[in-house]
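Now for the letters of each chain:
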Amino acid sequence: QVQLVESGGGLVQAGGSLRLSCAASGRTFSAYAMGWFRQAPGKVREFVAAISWSGGTTYYADSGKGRFTISRDNAKNTLYLQMNSLKSEDTAVYYCAASRSSVATMALSRNVEVWGQGTLVTVSS
């Protein structure tokens, strides 16, 4: 069992960067595959990126591939999403997510077991 709290969202100009953080409670962070999803106003929640329990395997949606980097520090119980070259279409609430299933299943939100509360990212053009 783990609880997740996101931070790092805010307002940024197009072309800029943000780093989102997700702090996990408990002692079992390393047992979870972790991921990021986002939901823009009026849109469905969509997959952004995922990372295995060891950090050795990552997956990215096409929308962020080449611009976003997911990472984790199990010693700090923290997940990160580094977002570079931000575009206006990246504007959304970003959610941290956790699953005890394989990282390969995390592209589907129905497989997520634990969600954070979300942090808002607004990219101005």
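Residues numbered from 1 in each chain as written. Predicted model: local features only at pLDDT ≥ 70, side-chain atom pairs only at ≥ 80, totals over all residues. Heavy atoms only, no water.

Enquirer: Looking at this structure, I do not really get the nonpolar core. What am I missing?
Expert: The tendency in soluble globular proteins is for nonpolar side chains to be buried side by side. In this structure, Leu4, Met34, Trp36, Leu79, Leu81, Met83 and Tyr94 are the most contacted members of the largest nonpolar core, which totals 27 residues. Elements that contribute at least two residues to this core include exactly strand E3 (18-24), strand E4 (33-39), strand E5 (46-51), strand E7 (68-73), strand E8 (78-83), strand E9 (92-99) and strand E11 (119-124). Ala50, Ala61, Ala97 and Val112 belong to the second-largest nonpolar core, a separate cluster that totals 9 residues. (Core = buried A, V, L, I, M, F, W, Y, C linked by side-chain atoms within 4.5 Å. Buried < 20%, exposed > 50% of the residue type's maximum accessible area, 1.4 Å probe, protein only. Helix = DSSP H or I, 4+ residues; strand = E, 2+ residues; numbered from the N terminus.)

Enquirer: Help me out: how do you make sense of unusual backbone geometry in this one?
Expert: Phi is mostly negative for residues that are not glycine, and the peptide bonds are mostly trans. Despite not being glycine, asparagine 77 shows a phi value in the positive range, around 55 degrees. A positive phi angle, near 50 degrees, is found at serine 85, a position not held by glycine. Within the element layout of this structure, serine 85 appears in the loop between E8 and E9. Judged by relative accessible area, serine 85 falls into the partly exposed class, the value being 40%.

Enquirer: Any chance you could explain the packing of aromatic side chains here in plain terms?
Expert: Working definition: an aromatic ring pair is given by the centre-to-centre distance plus the angle between the planes. Counting across every chain of the model gives 3 aromatic pairs. Centroid distance phenylalanine 37 to phenylalanine 47: 5.6 Å. Interplanar angle 75 degrees. Geometry classified as edge-to-face. Residue phenylalanine 37 is found in strand E4, and its partner phenylalanine 47 is found in strand E5; the two are separated by 10 residues along the sequence. Across the pair, exposure class does not vary: phenylalanine 37 and phenylalanine 47 are buried alike. Three or more aromatic residues joined by ring pairs make a cluster, and in this case those are Phe37, Phe47, Tyr95 and Trp115. Over the ring of tyrosine 95 we find arginine 45, and its NZ or CZ is 3.6 Å from the ring centre. In this structure, arginine 45 is placed above the aromatic ring of tryptophan 115, and the distance from its NZ or CZ to the ring centre is 4.5 Å. (Phe/Tyr/Trp six-rings, centres within 6.5 Å; stacked < 30°, edge-to-face > 60°. Lys NZ or Arg CZ within 6 Å of the ring centre and 35° of its normal.)

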